[in-house]
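Now for the letters of each chain:
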Amino acid sequence: MSAPDVTALLAELERSAPDLADDARTAVEWLTGGEPLETVTQLDVCEFLWYTLPLKVGGDHERLAHSLGRLLELGGLERYAALCTSPQTIRILHAYAQDGEEAGTAAYQEALQATGVLPPDVPELQWSMIMGPEELGAHVACSAALELAIIAGETVDRVALTQRWLTEPRADLGGDSWLHRVHGERLNRWVLGRGPARRELAQPFEVRLYAPVTPQPLPALHGLLSQAEDSLPLRLAPSPEALRLRELAERELGALSRDGARLALTDHGRFLLGSPEAMWESVTRLLLARGEHEFEVSAREAALMLLADGVLMSPAQLRERVAEVVGGEGWHPATGLEDVSASITALIGQLTALELAFCDELAIRLTRPGQFAALAALRAHALRPRKYVNST
């Protein structure tokens, strides 16, 4: 049955409790944003009461919450009405008022997790802090599904339910899935990044990166880790590429550790050795490591896009083209940021050590597995969750 019209409920509240009507009107307008009351979910109510109300709405917050509760009760939404006057809501509002925003926000986040209606991160999707319309729609839909399962008294596997809700084709989406919609939104946002030169370079990849990239064997890394199972003597004199691979495995992947005069396989290295898919994912994500300075990520990203089709370029050509792209994004190495050349040299070092590229003083070209690695790295970067700048 549809929820009653907000205007009718406010008129009824005017008659029964006129002293609460104005506050109820303010609160419900913030809660619904003008949408029908029947579209409101438990997550909406909790986020309004525990975050929006204390941080964005002026007035007596407890009174506003109480007035909203009376309105929701009149509309037959008793579960939501109870949240408005619950001891938990009062405690959170007091935390904001008495201990400040940080304490209140921490109490809100803890309480929200405890509801069980907050969709968890799943292997297919990590939720963004800043959501576009499609991702917000997916998040709301998954939360509503979790809420209904809890109300029905089911034992809820939140990860499995969220995965199913994201990946199944849906009639209301024209046979599309929420995951596909979110990926499309993120890819489009990635393409429309800074600068016309970068947009032109990225545009052809928007469709190409929709589908997952098939993992490829990494024989050089696999062989090194296999040797390290029985520990690898440090006194061996490897080639520059082999030395770079050893450093990559030890310092960047955490797959090797020093044990006296030998290198030994770590637990993580043993895991990678036993899972080619995990090894592939770790390596390809390393090519656009999120811990690097944003300028370096932009330079590496441009280089991978330029090389992804197996074209032959001289290192000088590659540096010049990358400089054009990142310069168009607003980066200026002369201001103190790391130089394009250093970023490209580091990337080429990784690719050649992993045998994903052939390179000498005259030319660089990705191998066939290297082309797959470039696409996988770009896809993971394009589909990453959007976070606030100061978020870890």
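1. Regarding the overall build of the chain
A tally of regular secondary structure across the chain gives 20 helices and 5 strands. For 392 residues, the compact-globule estimate of 2.2 N^0.38 gives 21 Å, and the C-alpha radius of gyration of the chain, at 27 Å, exceeds that figure by more than 25%. Referenced to the eigenvectors of the C-alpha coordinate spread, the extents of the chain come out at roughly 85 × 50 × 45 Å. Among the 392 residues that make up the chain, the fraction classed as buried is 48%. Restricting the contact set of the chain to residue pairs at least 6 apart, pairs at least 24 apart contribute 65%. Surface exposure of the chain reaches about 19,500 Å², of which carbon and sulfur atoms provide 52%.

2. A word on helix 6 (residues 87–99)
Here helix 6 is 13 residues long and its end C-alpha atoms lie 17 Å apart, about the 18 Å a rise of 1.5 Å per residue gives. Against helix 3 (42–56), helix 4 (61–74), helix 5 (78–84) and helix 7 (101–115) lie the buried residues of helix 6. Backbone geometry just after helix 6 places G100 at a positive phi near 100°.

3. Section: the environment of G69
Relative to the assigned elements, G69 resides in helix 4. For G69 and R170, which are 101 residues apart along the polypeptide, the C-alpha to C-alpha distance reads 34 Å. Those residues in contact with G69 that sit more than four places away from it in its chain are A81 and C84.

4. Considerations on helix 19 (residues 340–353)
In this model helix 19 runs 20 Å from its N-terminal to its C-terminal C-alpha over 14 residues, within 8% of the 20 Å that 1.5 Å per residue would give. Most of helix 19 is tucked away, with 10 of its 14 residues classed as buried. E355 sits one or two positions beyond helix 19 and adopts a positive phi of about 60°.

5. Structural notes on the pattern of salt bridges
Under the definition given, this model contains 16 salt bridges. A salt bridge links R25 to E14; the shortest N-O distance between them is 3.3 Å. Here the residue R25 occupies a position in helix 2 (residues 18–32), and E14 occupies one in helix 1 (residues 6–16), the gap between them amounting to 11 residues. The exposure class of E14 is partly exposed, given its relative accessible area of 37%. Overlapping salt bridges bring together E14, D22 and R25 as one network.

6. Remarks on the sheet that holds strand 2 (residues 256–259)
A sheet is described by the order of its strands in space; here 3 strands give the open sequence 1-3-2, paired in antiparallel fashion. Lying at the two open borders of the sheet, with one neighbouring strand each, are strand 1 (232–233) and strand 2. Relative to strand 3 (residues 262–265), strand 2 runs antiparallel, the two sharing 4 bridges. In the sheet register, S257 faces strand 3, and the bridge partner there is A264. Against the sheet, helix 13 (residues 219–228) touches strand 1, strand 2 and strand 3, its axis set at about 105° to strand 3.

7. As for the pairing of strand 3
Two elements, strand 1 and strand 3, share 2 bridges in a ladder whose sense is antiparallel. Opposite P233, over in strand 3, you have R262 as the bridge partner. From the end of strand 2 to the start of strand 3, which pair antiparallel, there are 2 residues, and G260 there has a positive phi angle of about 65°.

Calculation criteria
- Residues numbered from 1 in each chain as written.
- Predicted model: local features only at pLDDT ≥ 70, side-chain atom pairs only at ≥ 80, totals over all residues.
- Heavy atoms only, no water.
- Helix = DSSP H or I, 4+ residues; strand = E, 2+ residues; numbered from the N terminus.
- Rg over C-alpha atoms; globule rule 2.2 N^0.38 Å.
- Buried < 20%, exposed > 50% of the residue type's maximum accessible area, 1.4 Å probe, protein only.
- Contact = heavy atoms within 4.5 Å.
- Areas by Shrake-Rupley, 256 points an atom, 1.4 Å probe, with all protein chains shown as cover.
- Expected span 1.5 Å × (residues − 1).
- Salt bridge = Lys/Arg side-chain N within 4 Å of Asp/Glu carboxyl O.
- Pairing = 2+ DSSP bridges.
- Axes fitted to C-alpha atoms, helices over the stretch in contact; angles between N-to-C directions.

Just geometry here; none of it tells us what the structure is for.
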